[in-house]
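Chain by chain, the residues:
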Amino acid sequence: MTLRVLGVDPGLTRCGIGVVDIERNRRATMVAVGVVGTSADQTLDKRLLVIAEAIDEWLDRHEPDVVAVERVFSQLNVSTVMGVAQASGVVIAAAARRGIPVALHTPSEVKAAVTGSGTANKDAVTKLVTKILRLDAPPKPADAADALALALTHAWRAGNGMGASGGSSGAGSLTPAQKAWADAEAKARRAR
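Residues numbered from 1 in each chain as written. Predicted model: local features only at pLDDT ≥ 70, side-chain atom pairs only at ≥ 80, totals over all residues. Heavy atoms only, no water.

Novice: Can you walk me through the UniProt feature "binding site: Mg(2+) 1" (unreviewed entry) in the protein chain in this structure?
Specialist: The positions that UniProt labels "binding site: Mg(2+) 1" (unreviewed entry) are, in the present scheme, Asp9 and Asp143. These annotated residues cover 135 residues of sequence, but their C-alpha atoms sit close together, with the largest distance between any two at 6.1 Å. Lining residues of the largest pocket drawn from the annotated list: Asp9 and Asp143. Turning to its location among the elements, Asp9 is positioned in strand β1 (residues 2-9). Excluding residues within four positions of it along the chain, Asp9 makes contact with Arg14, Cys15, Gly16, Glu70, Asp143, Asp146, Ala147 and Leu150. Relative to the assigned elements, Asp143 resides in helix α5 (residues 142-156). Ignoring anything within four residues of it in the chain, the contact list for Asp143 reads Asp9, Arg14, Gly16 and Val35. Looking at Asp143, its side chain comes within polar contact range of the side chain of Arg14, at 2.7 Å. (UniProt positions renumbered as here; feature names shortened; annotations may be inferred. 1 Å grid on protein atoms, 1.4 Å probe; cavity = no way out; pocket = protein on both sides within 12 Å on 5 of 7 lines; lining within 4 Å. Helix = DSSP H or I, 4+ residues; strand = E, 2+ residues; numbered from the N terminus. Contact = heavy atoms within 4.5 Å. Polar contact = N/O pair within 3.5 Å; in protein donor to acceptor, adjacent residues only side chain to side chain.)

Novice: Would you mind showing me how to read the nonpolar core here?
Specialist: Note that soluble globular proteins tend to have their nonpolar side chains buried in a common cluster. Of all hydrophobic cores here, the largest spans 23 residues; its most connected members are Leu6, Val8, Ile51, Ile55, Leu59 and Val67. Of all the secondary-structure elements, those providing two or more residues to this core are β1, β2 (14-23), β3 (28-37), α1 (44-62), β4 (66-70) and α2 (78-97). Ranked by residue count, the leading element in this core is α1, at 7 residues. One finds Leu3, Val110, Val125 and Leu133 within the second-largest nonpolar core, a separate group that totals 20 residues. (Core = buried A, V, L, I, M, F, W, Y, C linked by side-chain atoms within 4.5 Å. Buried < 20%, exposed > 50% of the residue type's maximum accessible area, 1.4 Å probe, protein only.)

Novice: Got a minute to help me understand the pattern of salt bridges in this structure?
Specialist: If the charged atoms of two oppositely charged side chains come close together, the side chains can form a pair. Overall, the coordinates contain 7 salt bridges when judged by the stated rule. When the shortest N-O distance is used, the salt bridge between Arg4 and Asp21 registers 2.7 Å. On the criterion of sequence distance, the pair formed by Arg4 in strand β1 and Asp21 in strand β2 is long-range, its members being 17 residues apart. By relative accessible area, which is 22% here, Arg4 ends up partly exposed. Between Asp60 and Arg98 there is a salt bridge, and its shortest N-O distance comes to 2.9 Å. A residue pair is termed long-range when its members are at least 10 positions apart, and Asp60 in helix α1 and Arg98 in the loop between α2 and β5 (102-105) qualify at 38 residues. (Salt bridge = Lys/Arg side-chain N within 4 Å of Asp/Glu carboxyl O.)

Novice: For this particular structure, what's the right way to read the layout of surface pockets?
Specialist: It is the rolling of a water-molecule-sized probe over the atoms that shows where space remains empty. Empty space within the largest pocket amounts to approximately 560 Å³. Surrounding the largest pocket, 26 residues form its lining, Asp9, Pro10, Glu70, Lys122 and Asp146 being those nearest its centre. Put simply, the parts of the chain that give the lining of the largest pocket at least two residues each are α2, α3 (107-115), α4 (122-132) and α5. In terms of residue count, α2 provides more of the lining of the largest pocket than any other element does, 5 residues in total. (Points joined across faces, edges and corners; volume = space filled by probe spheres on them.)

Okay, structure coming up:
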């Protein structure tokens, strides 16, 4: 059984989208990756429409089992947070219309899942996404790599039946990156 996850790194200017198939043995294969871009010269409604239409196309074409979206977190730039939140809402609504479950993951959870450290930089995430997915070249721009990292994070998270503690694999078979992710997830839950 394979789990297909569509990962989304939301943003108004660049919205990264990646689709990954994950087998029960945790082997992950990239299906597709891309970035939807909009111009700051466009009105907000037009920008969100471009993202909505692209997400609809990706959902219809790839038929994911689940959608993983980066959780909006507080930054100093409120307008950036608002744009990310608006793009996230478009993605979540598109999945909900199709009855596809949506999972939200924080940036530190994603970093921990892929690299083993919740404080890893974007270069480290991209390098490990490239290695995990056995790609010939790193996905570019970083938003594309982040979308793939989100998909991997969701597939490997504990309790989803595919990775860390799901199925027959038990907690003792966690990779170091998956253990770090589980620790980051537990810490994030305690902070809420």
